[in-house]
Amino acid sequence: MKLILISSPDQVNDEVKIINELFELGLEYFHIRKPADTAEQVRKLIAGIEPDYYPCISLHQHHCLAEEFGIKRLHYTENERSKLKNNTLEGLITDGFILSTSIHDLSLLASLNEYHYVFFGPVYNSISKQGYKSVLPPGFTLSAMKASPLIIGIGGIEAKNMDSIKKMNFDGAAILGSIWKNTEQAVENFKIIQECIKIVHT
């Protein structure tokens, strides 16, 4: 099961240090989502991350920085996806980019085969966004026969519900609030989630 960490949208003390520590612990995928930041602020953040980890980074904003840092992962919001021209999308795929997007309606999956994975949720009530409630009915389970792209659960995901994410047949989980709600405990919280994933897979 894939585990994706999304950056805090806000400025975080020792953010670069924490990110590098999490990569050292085995973080595989890191999405930089900084909607209020300038390109220069995001550039500074990336520059502080060890270059060996650049292949693991996906950009939500300021996609122009991808070429500068050799980043090959781009994320598109629903709104941005609707504006993306087919020839642009085809060009990105030809150039070897791994693309992801966000959805709130699973019926859209059939039209998103160009994307490697999608974020779907909120699965649980959001930790980081007040009032952002779960959209899933009781007993929800994804079809075992679902086609590509992969479906990554997002929203309210923390250690205690990692087993449920697996049982609902998600291909992975995206975490945010469970790590960044208390930055002093970010590394320890990540370790706990890692352990839960190991248990889920045993």
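My aim in this report is to walk through the structure given alongside it, one point at a time. Model, not experiment: these values are computed from the prediction.

### Description of the pairing of strand 4 (residues 73-76)
Here's step 1: Here strand 4 shows a buried face lined by Arg-73 and His-75 and a second buried face lined by Leu-74 and Tyr-76.
Here's step 2: Sheet topology places strand 4 next to strand 5 (residues 98-103); 4 bridges connect them, and they run parallel. Counterpart to His-75 in the pairing with strand 5 is Ser-100.

### A word on helix 8 (residues 186-200)
Here's step 1: In this model, helix 8 (15 residues) spans 21 Å end to end at C-alpha, consistent with the 21 Å of a helix rising 1.5 Å per residue.
Here's step 2: Residues of helix 8 that are buried include every one of Ala-186, Val-187, Asn-189, Phe-190, Ile-193, Gln-194, Ile-197 and Val-200, and no others. Here the buried residues of helix 8 occupy an arc of 160° about the axis, which is enough to place them on one side. Those residues of helix 8 that are exposed and aimed more than 90 degrees away from the buried face are Lys-198 and Ile-199.
Here's step 3: Where helix 8 is buried, its residues touch strand 1 (2-6), helix 1 (15-24), helix 6 (162-167), strand 8 (172-175) and helix 7 (177-180).

### Overview of the sheet that holds strand 3 (residues 57-59)
Either a parallel or an antiparallel arrangement is found when strands of a sheet pair, and the pairing is made through backbone hydrogen bonds.
Here's step 1: Taken together, 8 strands build a closed barrel; the order of strands is 1-2-3-4-5-6-7-8 and the barrel is parallel. Going from strand to strand, the sheet's axes swing by 25° on average, the running direction of each strand aside.
Here's step 2: Judged from the 3 bridges that link them, strand 2 (residues 29-32) and strand 3 form a sheet pairing that is parallel. Bridging across to strand 3, Ile-32 finds its partner in Leu-59.

### Observations regarding the side chain of Asn-20
Here's step 1: Summarising the element assignment, Asn-20 is placed in helix 1.
Here's step 2: From its side chain, Asn-20 meets the backbone oxygen of Gly-48 in a polar contact 3.1 Å long.
Here's step 3: Once residues lying within four places of it in the same chain are set aside, the contact partners of Asn-20 are Gly-48, Ile-49, Glu-50 and Tyr-53.

### Brief notes about the pairing of strand 1
Here's step 1: In terms of burial, strand 1 is largely enclosed, as 4 of its 5 residues are buried.
Here's step 2: Taken together, the 4 bridges between strand 1 and strand 8 define a ladder with parallel strand orientation. Directly across from Leu-3, in strand 8, lies its bridge partner Ala-173.
Here's step 3: Bridge count between strand 1 and strand 2: 3 bridges; the pairing is parallel. Pairing of Leu-5 across the sheet is with Phe-30, part of strand 2.
Here's step 4: Between strand 1 and its parallel partner strand 2, the chain crosses via helix 1, and the hand of that crossover is right-handed.

Rules used in this analysis
- Residue positions within a chain follow its written sequence, with the count starting from 1.
- For this predicted model, a pLDDT threshold of at least 70 governs which residues receive local features, and a threshold of 80 or more governs which side-chain atom pairs are given and counted, while totals over whole chains, interfaces and linings are taken from all residues.
- With hydrogens and water excluded, all non-hydrogen atoms of the structure serve as input to the side-chain values.
- Here's how the labels work: a residue is buried when its accessible area is under 20% of the maximum for its type, exposed when over 50%, partly exposed in between, all with a 1.4 Å probe on protein chains only.
- Where helices and strands are cited, they refer to DSSP runs of H or I of at least four residues and of E of at least two residues respectively, numbered from the N terminus.
- Pairing between strands is defined by DSSP: at least two bridges between the two strands are required.
- The length a helix should cover is 1.5 Å for every residue beyond the first.
- The arc under discussion is defined with respect to the helix axis, by the directions toward the C-beta atoms.
- In what follows, residue pairs with any heavy atoms lying within 4.5 Å of each other are defined as contacts.
- Only the stretch in contact is used when a helix axis is fitted, and all axes are lines through C-alpha atoms; the angle between N-to-C directions ranges over 0 to 180 degrees.
- Whenever a nitrogen or oxygen atom comes within 3.5 Å of another N or O atom, the pair is scored as a polar contact, on the condition that within protein one atom can donate a hydrogen and the other can accept it, and that pairs from neighbouring residues in sequence are kept only if both atoms are in side chains.
- Handedness of a crossover: with both strands directed away from the viewer, a clockwise path from the first strand across the helix to the second marks it as right-handed.

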